[in-house]
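Chains, contacts and geometry: an overview
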Amino acid sequence: MEITEDIQYVGVNDHQIDLFESQYKVPDGMAYNSYVILDEKTAVMDTVDVHFTKEWLSNIASVLKDRKPDYLIVQHMEPDHSASIAAFMEKYPETAIVGNAKTFDMLCNFYGHCYTNTVTVKEKDTLNLGKHILHFVFAPMVHWPEVMMTYDETDKVLFSADAFGKFGANDVEEPWLDEARRYYIGIVGKYGMQVMNLFKKIGGIEIKTICSLHGPVLSGDLTPYLNAYTKWASYTPEEDGVVIAYTSVYGHTREAANLLAEELTARDVKTEVYDLARCDIHQAVAAAYKYSKVVFASTTYNADIFPPMRFYMENLTERNFQNRTVAFIQNGSWAPMAEKVMRGILEKSKNLTYCEHNVTVKSAVTEANKEEIKALAEELSK
Ligand code: FEO
């Protein structure tokens, strides 16, 4: 696949993977992208997951034809992109590996081999391939500390490492936004400040194409992608709406959650409901970053909350959950504790607005509870 006249796609699709990074469900697989820049000098941008080395090397060979790669640019050392470095260097030992000081530390640590044919770059350094001048932009913690991006000033292409990627293989057609959100919040949701810092660095550059290490190549009007990233990185809701995240042992908390959803829908409030014991929990996490309001509904369990709710809330707080309106539905047959515990978990989250009309169910939903749920729906619809 041609990205520009001189830049070719040589990545691979992975439909064997069950969990990305051993935790995120990827029913549509994953893409590990890699690119070749053909100029007076040739450069390969990153490698791929270890299970696809052979296919990737074959893609490179068919693009290079009888040429040899001069540079292997390593933008990110996570093994989904670095695990084929050794095989590449075995095939093309004359290639110089381009990275930064942290890259080469990690390379030694991960693979036990410290290469000597290396070019160590610093922030803002350039690499001249002939017609193409590459600029290195460091992007620490987007997603690891050694991450750097590469801007090709000739074709105005930003090789963006993990940023702007998504879950899903590239041979599956689906809109970018939902799976890009679940991917972003999952892997870099905690590092909004670092993403905003990166945006300050690249703010003045003309970008025509974004070549991420995952997902499709982005071109044309890039505004929707940049806007989405700005919202996620600044923890700003994308739209008004309510996420109801619940756990329920015997169905009573579920009943309360569903009643609230009905009341909200009747008031034209966009609502998504997640059963945390059964749903893709990272989908529910992403939803909490999409919408402006979150209702946490949990059973009291061992004087605490039901375990999937704790896992959910800790996934939110470790990703700097903030700037939202929140409410609670608690259930407890003899000593309801869930609301107190959930409030405690959110204690350090910034800029949360707490609803007044929270609901306590004592075992089963009563007529009085139904009125409380209506009051909560009314408050959430304002
Ligand atoms: Fe796609 Fe952070 O590796």
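Residue positions within a chain follow its written sequence, with the count starting from 1. In keeping with the model being predicted, local features are shown solely for residues with a pLDDT of at least 70 and side-chain atom pairs are shown and tallied solely at 80 or more, while totals for entire chains, interfaces and linings include all residues. As a rule here, side-chain values come from all non-hydrogen atoms in the structure, and water together with hydrogens is ignored.

The next thing to look at is the sheet that holds strand β16 (residues 218–219). Whether two strands pair depends on DSSP finding at least two bridges between them. Elements are defined by DSSP. Helices are runs of H or I of four residues or more, strands are runs of E of two residues or more, and each kind is numbered from the N terminus. Strand order in the open sheet formed by six strands is β11-β12-β13-β14-β15-β16, with mixed pairing between adjacent strands. Looking along the sheet, the strands with just one partner apiece sit at the ends: β11 (126–128) and β16. Bridge count between strand β14 (residues 157–159) and strand β15 (residues 209–211): three bridges; the pairing is parallel. Along β15, the bridge assignment pairs L158 with I210. What makes two residues a contact is simply this: any of their non-hydrogen atoms within 4.5 Å. Note on method: axes are straight lines fitted to C-alpha atoms, helices fitted across the in-contact stretch only, with angles between N-to-C directions ranging 0 to 180 degrees. Of the strands in this sheet, β12 (133–138), β13 (148–152) and β14 touch helix α6 (residues 192–202), which is tilted by about 150° from β12.

A few words now on the pairing of strand β7 (residues 42–45). Burial of β7 is two-sided: the residues T42 and V44 facing one way and the residues A43 and M45 facing the other way are all buried. Two elements, strand β6 (residues 35–38) and β7, share four bridges in a ladder whose sense is antiparallel. If you follow V36 over to β7, its bridge partner there is V44. Hairpin connection, β6 to β7: the antiparallel pair is bridged by three residues. Bridge count between β7 and strand β8 (residues 71–73): three bridges; the pairing is parallel. Residue pairing across strands places V44 opposite L72, the latter belonging to β8. In the classification by handedness, the crossover that spans β7, the intervening helix α1 (residues 53–64) and the parallel β8 is right-handed. Classification of residues uses two cut-offs on accessible area relative to the type maximum, computed with a 1.4 Å probe and protein chains only: under 20% is buried, over 50% is exposed, and between them is partly exposed. A crossover gets the label right-handed when its path from the first strand over the helix to the second runs clockwise, viewed with the strands pointing away from the viewer.

So, on to the packing of aromatic side chains. We call Phe, Tyr and Trp rings a pair once their centres come within 6.5 Å, taking the six-membered ring for Trp, and we label the pair stacked below 30 degrees between planes, edge-to-face above 60, and tilted otherwise. Across all of its chains, the model carries 26 aromatic pairs by this definition. Measuring from ring centre to ring centre gives 4.8 Å for W176 and Y225, while their planes differ by 80°; the resulting arrangement is edge-to-face. Of this pair, W176 sits in helix α5 (residues 176–188) while Y225 sits in helix α7 (residues 223–233), and the two are 49 residues apart along the sequence. The residues W176 and Y225 share a single accessibility class, namely buried.

Note that E339 resides in helix α11 (residues 338–345). When residues no more than four places from it in sequence are discounted, the contact partners of E339 are F328, Q330 and N358.

To continue, consider the pattern of salt bridges. Each reported salt bridge corresponds to a side-chain nitrogen of Lys or Arg within 4 Å of a carboxyl oxygen of Asp or Glu. Summed over the entire model, instances satisfying the criterion amount to 20 salt bridges. For R181, the salt bridge identified is with E238, shortest N-O distance 2.6 Å. Pair noted here: R181 is in helix α5 and E238 is in the loop between α7 and β17 (239–246), with a separation of 57 residues, a long-range link. The residues R181 and E238 share a single accessibility class, namely buried. The residue R343 makes a salt bridge to E339 at a minimum N-O spacing of 3.0 Å. One end of the pair, R343, and the other, E339, are both in helix α11, four residues apart, so they sit about a helical turn from each other. The class for R343 is partly exposed, based on a relative accessible area of 30%. Taken together, the shared-partner salt bridges connect D178, R181 and E238 into one network.

Sulfur atoms of two cysteines make up a disulfide when they are within 2.5 Å. Going through the model one piece at a time under the given rule, you end up with one disulfide. Covalently, C108 is tied to C114 through a disulfide, its sulfur atoms 2.2 Å apart. Using a relative accessible area of 24% as the deciding quantity, one classes C108 as partly exposed.

On to the nonpolar core, then. With 89 residues, the main nonpolar core has Y229, F296, Y312 and F321 as its most contacted residues. Tallying contributions element by element places α5 first for this core, with seven residues. Not counting residues within four places of it along the chain, the set of residues in contact with F321 comprises A288, Y289, V294, F296, L316, V326, L346, S349, K350 and L352. For this analysis, a nonpolar core means a set of buried residues of the types Ala, Val, Leu, Ile, Met, Phe, Trp, Tyr and Cys, connected via side-chain atoms within 4.5 Å.

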